[in-house]
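Okay, here's what each chain looks like letter by letter:
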Amino acid sequence: MLELKRKAIIISSVVAAFLLFSTVACVQQRSKGSGKNQGKLKSSTSAKQSADSLLTVQKQAGADTSRVGKSGASVPRGGVNADSTLVNSALADSTAADSLKNPDDLENAVLYTSEDSTIMDAVLKQVHLYGNAEVTYGTINLKANYIRLNWVTNEVYAIGTYDSTAKKMAGEPIFQDGPETYNTKEIRYNFKSKKALIQGIVTQEGDGNIRGEKVKKDTEGNFYIRHSIYTTCNLTHPHYYINAPKIKMVNKKQVISGPFNLVISDVPLPIALPFGFFPFPKKKENGTSGIIIPTYGEEPNGRGFYLRDGGYYFAISEYVNAILTGQIYSNGSWGLGVTSTYIKRYQYSGNLSLRFNKNKSSDELDKLFKRGNTNDFSIVWSHAPKARGNSTFSANVNVSSNTYNQQQEANVNKYTSNVASSSVQYNRTFGQYMRAAGSLRVNQNFGQVDPKQNGKRVGGKTNVSTDFSFGVNQIAPFALKGGRGRWYESFRLGLDFNGNYALANALTAIDTSYSSLGFVIADAKIDTTRLNKTKVVAFNLSNLPEMLKDAQFTGRYSLPISLPNFKVLRFVNITPSMSLSGEVFTKQYRYTQTGRDSIRIDTLRKVGTEYSYNFGAGMNTRFYGTFFFGGKRLEAIRHTVIPSVSFTYTPDFTGDAFGFYERIQVTDKKGNVRDLSLSKFRGVGSGVGNGRASSVISFSLNNSFEMKLKSKSDTAAQQFEKVSLLDNLSLGGSYNLLADSLNLSNITINANARIGRNLNLNFNMNLDPYAYKANPNIIGNQMGTKINKYAITQGQGIANLQSLGFTLGTSFSPKSSTSNAKTPQTTNPNDPNAAAKQEAKEFIAQNPDLYVDFNIPWNVSLNYNFGLTKPGLSKAQIIQAIQATGDLSLSKNLKLTLSTGFDFVAFEPTITQLGLMRDLHCWDMSFNWTPFAGSAARVSNYNFTLKVKSAILQDLKVTRRRSFYDRSAY
């Protein structure tokens, strides 16, 4: 009996110890708290048991234990807050650990935290998180006011809580999967299957966002959304959206929807489409490949109705893309174009555009006589290198046919432009002193509009030239190891060599008149169409031999020399100068006398060189004159005068010792013997220099005026302020002491000033001091011949006015808008589109004419231009016009733009454009009208556009200007 009692006591002690150990372990497991709030909130064991019991009963009854925020729901909050890491079912019994991996185990650690409280249920294996709860699992992050973890089903459930004060839900779930963020109302996510059920989702995709009521996410990352909308409006209640009962978002690539329709301002449009496809631009690409919808309309210049600028966009990679577009017209005209943008990070970026158009006239007579057909092309290439290394390559190419801008461009500045220039350049440096460069240049003049040719431009000139150079930077040979300040150590010497080969369709004029040459050219095969005038031929392959025959290669070299300067009489600066330069030619000329006054000229394919040198000195000083007034504000006016005089002497290089010229004696028709010096390299009849000695004195006089005013306020930081009256008034010219006639050059006068704060003045004048004599053989308007007599001695005034130009401009805008424009606006660094917005701001700052800023209430710019040209005795040709541009905000989101002017010579308006722009937040509405364009092909054009606005431009409060088309296009 005693033995049985002893055994019972031992067994009872073991059971009691086991129960006590289990109870202590359970309490310890449930009492692990977060480091943030540990020890702040405490509750009794009975309170914890009550909470666990209530959750258990609700779970067994099939109720959602979250019931936070619902009426009648009450969930006790007890225990210590948790900030724990549970790895591979952390609530499992530690004594049951298995060395083999369980297939049901999670792949990553689950981190969770909460600010309010955390309740752990060891029986149901659940964790309840309250107050700014957060769960992290690998790349997945979930935040909400309430989160429940279930380690049996490997699920997480999150929902917001109801704020009775604000009377709305607060702390609704924010689900983040890698870089993607989803705002939801309720979410249930399975860690193992990676599936999710979501109630109410909002996610951003590029410029647009997707919203839906019920969402299912599969294991591949696809979303199936019911009662969904797609919009680019970033407001909670969007102005417009695409409404679709069902859509599928395919793994962040595109959205595919069933039947959908457009809803604007809560008004559904009756037109619906059976399905939709909306691609998303990838983060590292310049968009997504897709179809470009063409525009349509009618133009009045003979090609009829059109479909144009439609095609396909190829998103090749993040470094290059391509756009293929085309256009077709009802009269048979058509066109194709390819545009590509490329970039290589930290090295270069650029774009290339190639376009071709086949134009046919709709006029019946043109069709009958097979005329009026033209081929237009355009090549635009821009290549911008990054500053890196010792070599750079850049390109800015804009080459097109003469009529391309007239026929194809809709931009006012382009189709009125008469010139275009292109260049491709390569530069390289070798060490510290040596450098080399090469370039290809194309300069175009599209000619003048000919009314007889249906208003098309004729007489266009094209010049193609290639240049290369090599040089050595100036060095100080007497101070290579550092100077001591001696005067001769400032002597510097360098080397420059450059070559040029030019090809042009404007063939050089030939002057073979006896009065100009002094002899008759014998056996000359001269193109009579080039006598005394420039011959313009079409720039094509058939005329290439003729252009090559007229082309000439020229190489030039020089030794730039810097001599030390010094002062005399303390205030006069003396600067000596010396230069040596030369040229290299690929052909020479040989002259043979065949008669008393006739010479035969032979062209030799022989390389030769010609050089020249000169030396001189310059002198300048500066003095002031001050006029004191002692007025109420005007204190004084100061006049600054800067006179300068320079002298340059060039020896005579026509002597036999140099071998650059050939001396021939001829007897003219009057029996006088004349000595001629004919250049072996430059030929005759092209107006080139004669190589004779020259001794030129150049002079200039610069003036400036400014006044000294007392400050308006006695408390100002400075007692006086300086205001410029005339920034510069200069006069200049030169006199050749050794010239046999016409020693004095033309006198030039220039002036520029800033009057007040907004008025800019520019003035220039060119005066010829010599008289002109009329040619009795010419009737009507003629230039006449300049004679070696001053105009004042012949009763023609002090000098003959050759040209005069005058420009006056000003602009006005509110001071507040000016100050705001100068203040840089910073972007939020946490904004996912911060980089894109910053790039957009920089582009807008560099291209302000392309955008309308609704933050500026009004802006006005006025410019007056006057120009006069009068060569010799000819009649003066005058250009006089006033131009006005500006915009006015009629309301906060409605702006009126105007660009107009008046030509006083033609007495008619210049190109006039009137625009009305409405900012609809996520929409742009614009109407542009051209009531007058100076051309029947462009007059009365109008364009109405209603388009969705980029989300970035919505935030920046600016609108992209729209260029109009020939006729109405929507």
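Here the structure is a predicted model, which means the values were calculated and not measured.

S.K.: Just checking my understanding: could you explain the overall build of the protein for this structure?
M.R.: The helix and strand inventory of the protein stands at 10 helices and 61 strands. Across the protein, every contact between residues at least 6 apart in sequence was considered, and the portion connecting residues at least 24 apart equals 53%. Summing over all exposed atoms, the protein offers an accessible surface of approximately 56,800 Å²; the carbon and sulfur share of this is 57%.

S.K.: What's the story with the sheet that holds strand β40 (residues 598–604) in this structure? I'm lost.
M.R.: Hydrogen bonds between backbone atoms are what pair the strands of a sheet, whose relative direction is either parallel or antiparallel. Spatially, β34-β40-β39 is the arrangement adopted by the 3 strands of the open sheet, whose pairing is mixed. The open sheet is flanked by β34 (520–522) and β39 (588–593), the only strands paired with a single partner. Pairs of neighbouring strands in the sheet enclose a mean axial angle of 40 degrees, with direction left out of account. In the sheet, β39 pairs with β40 via 6 bridges, with the strands oriented antiparallel. Note on β40: the bridge partner recorded for Gln588 is Leu604.

S.K.: Got a minute to help me understand the pairing of strand β14 (residues 240–250) in this structure?
M.R.: Side-chain positions along a regular strand alternate between the two faces of the sheet. Where strand β13 (residues 223–231) lies against β14, 7 bridges are found, and the strand directions are antiparallel. The residue bridging Ile225 from the neighbouring strand is Ile247, located in β14. Bridging between β14 and strand β16 (residues 260–264) involves 4 bridges; their strand directions are antiparallel. Across the sheet, residue Asn243 finds its bridge partner in β16, namely Asn261. Note: β14 against strand β15 (residues 254–257), 4 bridges, orientation antiparallel. If you follow Met249 over to β15, its bridge partner there is Val255.

S.K.: I'm lost on the packing of aromatic side chains in this one. Help?
M.R.: Each aromatic ring pair is specified by the distance between its two centres and by the angle formed by the two planes. Considering all chains together, one arrives at 26 aromatic pairs under this definition. Judged by centre distance (5.0 Å) and plane angle (35 degrees), the rings of Tyr182 and Phe223 are tilted. Placement of the pair is Tyr182 in strand β10 (residues 180–190) and Phe223 in strand β13, with a sequence separation of 41 residues. One exposure class covers both Tyr182 and Phe223, and it is buried. Centroid distance Trp381 to Phe393: 6.1 Å. Interplanar angle 45 degrees. Geometry classified as tilted. Of the two residues, Trp381 is situated in strand β25 (residues 374–385) and Phe393 in strand β26 (residues 391–400); the sequence distance between them amounts to 12 residues. Trp381 gets classed as partly exposed once you look at its relative accessible area, which sits at 25%. For Phe393, a relative accessible area of 31% puts it in the partly exposed group. Grouping aromatic residues by their ring pairs yields a cluster made of Tyr137, Phe175, Tyr182, Tyr189, Phe191 and Phe223.

S.K.: Would you mind showing me how to read the nonpolar core here?
M.R.: Burial of nonpolar side chains together is a common tendency in soluble globular proteins. Ranked by size, the top nonpolar core spans 36 residues in total, and within it Val135, Ile147, Leu149 and Phe223 carry the most contacts. Here Ile147 is in contact with Val127, His128, Leu129, Ala133, Glu134, Val135, Leu142, Val156, Tyr157 and Ala158, once residues within four sequence places are set aside. Formed by 9 residues, the second largest nonpolar core is a distinct cluster that contains Tyr589, Tyr591, Ile599 and Leu676.

S.K.: Whenever I open this one, empty space enclosed by the protein confuses me. Can you help?
M.R.: Space left empty within the atom packing is revealed by a probe, the size of a water molecule, rolled over the atoms. In total, this model carries 2 cavities of 30 Å³ or more according to the counting rule given. Here the second largest cavity defines a volume of roughly 40 Å³. Lining the second largest cavity, in full, are Ser228, Ile229, Tyr230, Ile242, Ala244, Ile247, Val255, Ser257 and Phe278. Those elements that place two or more of their residues in the lining of the second largest cavity are β13, β14 and β15. For the lining of the second largest cavity, the class distribution of residues is 7 nonpolar, 2 polar and no charged.

S.K.: Got a minute to help me understand unusual backbone geometry in this structure?
M.R.: Where the residue is not glycine, phi is negative for most of them; where a peptide bond is considered, it is trans in most cases. In the Ramachandran plot, Lys125 falls in the positive-phi region, its phi being about 55 degrees despite a non-glycine side chain. Following the sequence through the fold, Lys125 ends up in the loop between β3 (117–121) and β4 (126–137). Using a relative accessible area of 33% as the deciding quantity, one classes Lys125 as partly exposed. Backbone geometry at Phe907 places phi at a positive 55 degrees, although glycine is not the residue there. Tracing the sequence through the fold places Phe907 in the loop between β56 (894–903) and β57 (908–909).

What counts, and at which threshold
- Residues numbered from 1 in each chain as written.
- Predicted model: local features only at pLDDT ≥ 70, side-chain atom pairs only at ≥ 80, totals over all residues.
- Heavy atoms only, no water.
- Helix = DSSP H or I, 4+ residues; strand = E, 2+ residues; numbered from the N terminus.
- Contact = heavy atoms within 4.5 Å.
- Areas by Shrake-Rupley, 256 points an atom, 1.4 Å probe, with all protein chains shown as cover.
- Pairing = 2+ DSSP bridges.
- Axes fitted to C-alpha atoms, helices over the stretch in contact; angles between N-to-C directions.
- Phe/Tyr/Trp six-rings, centres within 6.5 Å; stacked < 30°, edge-to-face > 60°.
- Buried < 20%, exposed > 50% of the residue type's maximum accessible area, 1.4 Å probe, protein only.
- Core = buried A, V, L, I, M, F, W, Y, C linked by side-chain atoms within 4.5 Å.
- 1 Å grid on protein atoms, 1.4 Å probe; cavity = no way out; pocket = protein on both sides within 12 Å on 5 of 7 lines; lining within 4 Å.
- Points joined across faces, edges and corners; volume = space filled by probe spheres on them.
- Nonpolar A, V, L, I, M, F, W, Y, C, P; charged D, E, K, R; others polar.

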